[in-house]
Amino acid sequence: MEKEIKQLKKDLEQAIAKVNDVKSLNDLRVHYLGKKGKITGLKEMLKELSVEDKKTAGKLFNDFRQEATDLIEEKEINLKRKALDEQLITEKIDPTLGATEIKTGSIHPLDRTIKEVLDLFVSMGYDVVTGPEIESDEYNFARLNLPKDHPARDMQDSLYVATDYLLRTQTSPTQVRTMEENKAKGPIRMIAPGKVYRKDDDDATHSHQFMQIEALVVDENINLGHLKGTLELMVQTLFGKERKIRFRPSYFPFTEPSLEVDVSCFRCDGEGCSFCKESGWLEILGAGMVHPAVLEMSGYDKEKYSGFAFGLGVERLAMLKYGINDIRQFYQNHLHFLELFERIDKEGHK
Ligand code: DAH
C-alpha cells in the first residue's frame, strides 16, 4: 500500500504541475479523487488486509487523500489568481478616453412653474389638493353659484362626456370639494394644480387642454388685504422683487367682488413696451372674495367665515416668465425646446 501511495503521489504531483487551466484541473480531480478515481480505487486494497495492517494502511490512505485534495485546491487557487491577474492587465481602463454623454432629461416648463408656485404656498402652510378631471355639472358650475340657466355658463364652452358630466373647465370645483370635505367647517388654506378643458380651437394662445392653479383661503376675518399681500408675494417670487400688482374689477359668479390681477411688466418695468402692448401691465390671473352663497352651499357659516380665492393659467404664467409666444410648444415635446429651461434656470434669462 505504501508503495502504491508513493507512486500515485508522484504521478499526481507531476500531473498537477502540467495543468494550466481550471477545466483541466477539474478533470484531473475526477481522475484521482472521483468515484472511480485512482486514489479512491486504493480503498479496494484495504479490504484485503488484516485488521492490524488495516489500521496503519487506513491512516496512510486517509492522509494521502487529504493531501491530494489540498494539493489540487492549492493549484486551483493559484490558477484563478493567475487568470485574474491576466484579466486585470488586458482589461486595463483608459481614463483619458472621452466619456459617453448621458442624457438625463429635464423637467417640463409647466411642471417647473407649478413646482415654483406650490413650493411658495406649501411654505405658507397651504395643503396641496387635487380633484377629478371628469367633473359633475354640479361641482363645476352649480355649486360655484352658476345655476343651470345662468348666462355665465356660456362664458366657457364645455366638453360634456355625459348629460351631467364634463371635462372640468376650471380648477375651481376643487374649492367646493375641499370645503365640503372639511367636516369641521373650519379654516382652509388650499392650493390645487391640475388640467382643465375647453372647447377651443388650438392656436398660439388657445389650447383645448391647459393647466390651472387654484387657491382658496377660508377663515374668520379674511379680507381683500390678505389676497393682495398673498398675490404680491407670489408675483415677486416668480417675477422678481420689484414687481407690483394692480386689481381691476371683473366678474366671476363665485366671487364678490371679483378681480382681474395684473403684474407690472418685467421687461419695461411698467414703462410700456411691445411685450405688455404699451400698457406697462400684464394680466396674470382672476381672483376675488369667495361669494357668500358659495360658502353657504358648502356648509360654511357665511356670517362667521369669509375667504379669498384665485385661479391662474399655468401656461400663461410660464409663457410670460420664459418669453414663449406659442402655447402649443408646451405640448409638442420638442427636445430642443424642453432642454432650454434647464439652462435658463441654471444660467438665468439672457
Ligand atoms: N375659474 C376661473 C377661470 O377659469 C379663474 C378664477 C377666477 C378662479 C377667480 C378663482 C377666482 O378662484 O376667484 O377663468
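**Concerning the overall build of the protein**
For step 1, the next point in the chain: Tallying secondary structure elements over the protein gives twelve helices and ten strands in all.
For step 2, the next point in the chain: Its C-alpha atoms give the protein a radius of gyration of 40 Å, clearly above 20 Å, the size a compact globule of 350 residues would have.
For step 3, the next point in the chain: Judged by the C-alpha coordinates and their principal axes, the protein covers about 115 × 50 × 40 Å.
For step 4, the next point in the chain: By the burial criterion, 42% of the 350 residues in the protein qualify as buried.
For step 5, the next point in the chain: Split by element, the accessible area of the protein, about 20400 Å² in all, is 52% carbon and sulfur.

**Notes on the pairing of strand β9 (residues 281-290)**
For step 1, the next point in the chain: For β9, the tally of buried residues reaches eight of ten residues, placing the bulk of the element in the interior.
For step 2, the next point in the chain: Of the pairings in the sheet, the one linking strand β8 (residues 255-264) to β9 comprises eight bridges and is antiparallel in character. Paired with T255 across the strands is V290, a residue of β9.
For step 3, the next point in the chain: Here β9 pairs with strand β10 (residues 305-313) via five bridges, running antiparallel. Opposite M289, over in β10, you have F308 as the bridge partner.

**A look at the packing of aromatic side chains**
For step 1, the next point in the chain: All told, the structure shown has nine aromatic pairs when counted by the stated rule.
For step 2, the next point in the chain: Summarising the aromatic geometry, the rings of F121 and Y126 are spaced 4.9 Å apart at their centres and angled 75° between planes, so their arrangement reads as edge-to-face. Assigned by exposure class, F121 and Y126 land together as buried.
For step 3, the next point in the chain: Each ring, one from F121 and one from F310, has its centre 5.8 Å from the other, and the planes form 50°; the classification is tilted.

**Topic: the pattern of salt bridges**
Pairing between side chains of opposite charge can happen when their charged atoms approach one another.
For step 1, the next point in the chain: Enumeration according to the criterion identifies 20 salt bridges in this entry.
For step 2, the next point in the chain: Linking D63 and K59 is a salt bridge whose minimum nitrogen-to-oxygen distance equals 2.8 Å. Pair noted here: D63 and K59 are both in helix α4 (residues 51-90), with a separation of four residues, about one helical turn.
For step 3, the next point in the chain: Via salt bridges that share partners, R246, R248, D262 and E283 belong to a single interconnected network.

**Some remarks on the site of the ligand**
For step 1, the next point in the chain: Taken together, 16 residues are adjacent to the ligand, and Q170, Q175, R198, Q212 and E214 come closest.
For step 2, the next point in the chain: Between the ligand and the protein, one listed contact pairs a nitrogen atom with a side-chain N or O atom of Q170 at 2.7 Å.
For step 3, the next point in the chain: In this structure, E214 approaches the ligand through a side-chain N or O atom, which is 2.6 Å from an oxygen atom.
For step 4, the next point in the chain: Residue assignment for the shell around the ligand shows that the elements contributing at least two residues are β6 (209-220), β9 and β10.
For step 5, the next point in the chain: Of the residues assigned to the shell around the ligand, the class counts are five nonpolar, nine polar and two charged.

**Considering unusual backbone geometry**
For step 1, the next point in the chain: Note that the residue after E256, namely P257, is joined by a cis bond; omega there is -5°.
For step 2, the next point in the chain: Note that P257 resides in strand β8.
For step 3, the next point in the chain: Positioned with a positive phi, D269 is a non-glycine residue whose angle comes to about 60°.
For step 4, the next point in the chain: Counting through the fold element by element, D269 comes out in the loop between β8 and β9.
For step 5, the next point in the chain: Notably, K277 is not glycine yet its phi reads approximately 50°, a positive angle.
For step 6, the next point in the chain: By secondary structure assignment, the location of K277 is in the loop between β8 and β9.

**Overview of helix α1 (residues 2-18)**
For step 1, the next point in the chain: The first and last C-alpha atoms of α1 sit 25 Å apart over 17 residues, in line with the 24 Å expected at 1.5 Å per residue.
For step 2, the next point in the chain: Of the residues making up α1, those classed as buried are I5, L8, L12 and I16. Seen from one end, α1 has its buried residues packed into an arc of 70°, which puts them on one side. Within α1, the exposed residues directed more than 90 degrees away from the buried face are K3, K6, A17 and K18.
For step 3, the next point in the chain: Packing partners of the buried residues in α1 comprise α2 (22-33), α3 (38-47) and α4.

**Some details on the domain arrangement of the protein**
For step 1, the next point in the chain: What the domain assignment reports for the protein is domain 1 (2-90) and domain 2 (109-347).
For step 2, the next point in the chain: The C-alpha-based centres of domain 1 and domain 2 are spaced at 83 Å.

**Considering a nonpolar patch on the surface**
For step 1, the next point in the chain: Side chains of I134, V161 and Y165 sit close together on the surface and give an oily, nonpolar patch of about 290 Å² of accessible area.
For step 2, the next point in the chain: Note that V161 resides in strand β3 (residues 159-162).
For step 3, the next point in the chain: The class for V161 is partly exposed, based on a relative accessible area of 48%.

**Quick notes on the sheet that holds strand β1 (residues 127-128)**
For step 1, the next point in the chain: Within the open sheet, the seven strands sit side by side as β1-β5-β6-β10-β9-β8-β7. Their pairing is mixed. Only two strands of the sheet have a single partner each, and these edge strands are β1 and β7 (245-250).
For step 2, the next point in the chain: Where helix α10 (residues 314-322) meets the sheet, its contacts fall on β6, β9 and β10, and the angle it forms with β9 comes to roughly 145°.

Thresholds applied
Residues numbered from 1 in each chain as written. Predicted model: local features only at pLDDT ≥ 70, side-chain atom pairs only at ≥ 80, totals over all residues. Heavy atoms only, no water. Helix = DSSP H or I, 4+ residues; strand = E, 2+ residues; numbered from the N terminus. Rg over C-alpha atoms; globule rule 2.2 N^0.38 Å. Buried < 20%, exposed > 50% of the residue type's maximum accessible area, 1.4 Å probe, protein only. Areas by Shrake-Rupley, 256 points an atom, 1.4 Å probe, with all protein chains shown as cover. Pairing = 2+ DSSP bridges. Phe/Tyr/Trp six-rings, centres within 6.5 Å; stacked < 30°, edge-to-face > 60°. Salt bridge = Lys/Arg side-chain N within 4 Å of Asp/Glu carboxyl O. Near = heavy atom within 4 Å. Polar contact = N/O pair within 3.5 Å; in protein donor to acceptor, adjacent residues only side chain to side chain. Nonpolar A, V, L, I, M, F, W, Y, C, P; charged D, E, K, R; others polar. Expected span 1.5 Å × (residues − 1). Arc of directions from axis to C-beta. Contact = heavy atoms within 4.5 Å. Domains from an automatic or database assignment. Patch = residues over 30% accessible without salt bridge, like charges linked within 9 Å, V, L, I, M, F, W, Y side chains within 5 Å. Axes fitted to C-alpha atoms, helices over the stretch in contact; angles between N-to-C directions.

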